[in-house]
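Take a look at the letters that make up each chain.
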Amino acid sequence: MAEPIKVLVTGAAGQIAYSLLYNIAKGDVFGKDQPLILVLLDITPMMSVLEGVLMEIRDCALPLVREIIATDKEEEAFNCIDVAILVGSMPRREGMERKDLLQANAKIFKSQGNALDKFAKKTVKVLVVGNPANTNCLTAIKSAPSIPKENFSCLTRLDNNRARAQIAYKLGIPSNDVKNVIIWGNHSSTQYPDANHATVKVQGKEMSVSDAIKDDAWLKGDFISIVQQRGAAVIRARKLSSAMSAAKAISDHMKDIWFGTPEGEWVSMGVISNGNTYNIPNDLVYSFPVQIKNKTWSIVECLPINDFSCERMKATASELVEERDTAAEFLSSV
Ligand code: NAD
Ligand code: LMR
């Protein structure tokens, strides 16, 4: 058996963590042979709830879980960790846009970036989930200068899964027969879900999504807006933000970082831009199509981009520039 890895989940008393911790603890993310030390961080008023979560994980009697640490102290939580899944923050309520959360949540990611810098292993893989996820991820990167920027990513896999599921539903096929849909940009209503490069398998035959669906108006209209607005629709219906589907997406994202993406396939995640790819400005955490090998992502380059896509990719980049500047201004005064 391998040595245990130390996996931190923040916001561990919250609703996403309640599904996520079980996925991790039973081996769905890091593998069925990988022992785990689970570290649960939440804020002081949530410590008794966190104690209950700890009891429940223990009561699952899962063989991979070797130790569980529940704490409200960042220096303890981030100490020598191999993986950080940063969920803890305030979720959006009905009527709010994700960027409304900027002020509420930016400070958390500055402080946790500092803690990563001081206490985590330099090889730590960091996934930011708390919204606005892209800009919070950038804040964490900037607050952890000793950790390579490439070790950080933010979650747009939920949007990616939503897009695949919409196409699968429309065609009446299983979602694993839909490949290479892209989410460009921000995890917000300006994101651009793009099916131009995606393929589907219908009755055993691989073909482009547009050939299979034969409904360009849907692909340029409802498909995009349903995916862009799905988070708000779930909040309206549940009076709570998505949690089960978010936990599944986090598990998919981290599993791909750990084990890599299949040959010829890509997934979307928010990663640092270098200014050279698809004309996206540098110094943004922007969702791109990536392939992953040896726990390292690389952007899928040189895909042909039509004018319709180009316009939408730029619009979501502009929103990220605005968010970055607002966060910088806000954090400089705290
Ligand atoms: P929740 O309110 O149920 O849980 C959040 C938890 O974080 C709470 O227990 C809270 O006490 C804790 N917390 C707050 N500040 C903290 C801090 N400084 N350190 C540690 N823990 C802290 O919320 P949730 O539904 O689990 O959602 C969590 C976040 O994930 C929200 O920001 C939500 O918008 C975001 N989210 C992102 C995606 C995505 O795709 N990127 C999807 C769904 C939700
Ligand atoms: C989602 O996409 O479901 C989450 O980011 C919650 C939200 O605020 O939309």
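Data block above holds the structure.
Note that the structure is predicted; figures quoted are calculated from it, not measured.

Calculation criteria
- Residues numbered from 1 in each chain as written.
- Chains lettered and ligands numbered in written order.
- Predicted model: local features only at pLDDT ≥ 70, side-chain atom pairs only at ≥ 80, totals over all residues.
- Heavy atoms only, no water.
- Helix = DSSP H or I, 4+ residues; strand = E, 2+ residues; numbered from the N terminus.
- Rg over C-alpha atoms; globule rule 2.2 N^0.38 Å.
- Buried < 20%, exposed > 50% of the residue type's maximum accessible area, 1.4 Å probe, protein only.
- Contact = heavy atoms within 4.5 Å.
- Areas by Shrake-Rupley, 256 points an atom, 1.4 Å probe, with all protein chains shown as cover.
- Lys, Arg positive; Asp, Glu negative; His and termini not counted.
- Charge placed at Lys NZ, Arg CZ, Asp CG, Glu CD.
- Core = buried A, V, L, I, M, F, W, Y, C linked by side-chain atoms within 4.5 Å.
- Near = heavy atom within 4 Å.
- Polar contact = N/O pair within 3.5 Å; in protein donor to acceptor, adjacent residues only side chain to side chain.
- Nonpolar A, V, L, I, M, F, W, Y, C, P; charged D, E, K, R; others polar.
- Axes fitted to C-alpha atoms, helices over the stretch in contact; angles between N-to-C directions.
- Parallel < 35°, antiparallel > 145°, perpendicular 65-115°, else oblique.
- Left-handed = near helix turned anticlockwise from the far one by under 90°.
- Pairing = 2+ DSSP bridges.

Q: Looking at this model, I keep getting lost on the overall build of the protein. Mind explaining?
A: Looking only at helices and strands, one finds 11 helices and 14 strands in the protein. Here the protein has a C-alpha radius of gyration of 19 Å; the compact-globule value for 334 residues is 20 Å, and the two agree. For the protein, the spread of C-alpha atoms along the three principal axes comes to 55 × 50 × 40 Å. Looking at the protein as a whole, 54% of its 334 residues are labelled buried. Of the contacts made within the protein by residues no fewer than 6 positions apart, 73% connect residues no fewer than 24 positions apart. In the form shown here, the protein has an accessible surface area of approximately 14800 Å², with 51% of it arising from carbon and sulfur atoms. Each charge class in the protein was averaged separately, 38 positive and 39 negative side chains, and the resulting centres sit 2 Å apart.

Q: I'm lost on the nonpolar core in this one. Help?
A: Across soluble globular proteins, nonpolar side chains have a tendency to be buried as a group. Judged by nonpolar contacts, the single largest core of 106 residues is most densely connected at I85 and L116. The leading source of residues in this core is helix 10 (residues 244-259), at seven residues. L102, A327, F330 and L331 belong to the second largest nonpolar core, which has five residues in total.

Q: How should the site of ligand 1 be read in this particular structure?
A: The environment of ligand 1 is made up of 27 residues, and the closest members are Q15, D42, S89, V129 and N131. Separating a nitrogen atom of ligand 1 from a backbone N or O atom of V129 is a distance of 3.2 Å. Contacts to ligand 1 include L155, whose backbone N or O atom sits 3.4 Å from a nitrogen atom. Protein contact buries 88% of the 860 Å² of open area that ligand 1 shows by itself. At the level of secondary structure, the elements contributing two or more residues to the shell around ligand 1 comprise helix 1 (15-25) and helix 4 (102-119). Residues that form the shell around ligand 1 fall into these classes: 14 nonpolar, 11 polar and two charged.

Q: Whenever I open this one, the packing of helix 6 (residues 157-171) against helix 9 (residues 222-238) confuses me. Can you help?
A: Two quantities define a packed helix pair, namely the angle between the axes and the distance from one axis to the other. Viewed as axis vectors pointing N to C, helix 6 and helix 9 meet at an angle of 135°, and their least axial separation amounts to 10 Å. With respect to helix 9, the element helix 6 is oriented oblique. For the element pair helix 6 and helix 9, the recorded crossing hand is right-handed. Residues D159, R162, A163, Q166 and I167 of helix 6 touch helix 9, and the partners they reach there are F223, I226, V227, R230 and G231. Across the contact of helix 6 with helix 9, the residue classes break down as five nonpolar, two polar and three charged.

Q: It is not clear to me how the pairing of strand 10 (residues 199-202) should be interpreted in this structure. Could you clarify?
A: For a regular strand, the rule is simple: side chains alternate between the two faces of the sheet. Pairing between strand 7 (residues 178-179) and strand 10: two bridges, direction antiparallel. Paired with K179 across the bridge in strand 10 is T199. In this structure, strand 10 lies alongside strand 11 (residues 205-208), joined through four bridges in antiparallel fashion. Paired with T199 across the strands is S208, a residue of strand 11. Taking the residues between adjacent antiparallel strands as the criterion, strand 10 and strand 11 are bridged by two residues, where Q203 takes a positive phi near 50°.

Such coordinate-based values are descriptive only and should not be taken to indicate function.
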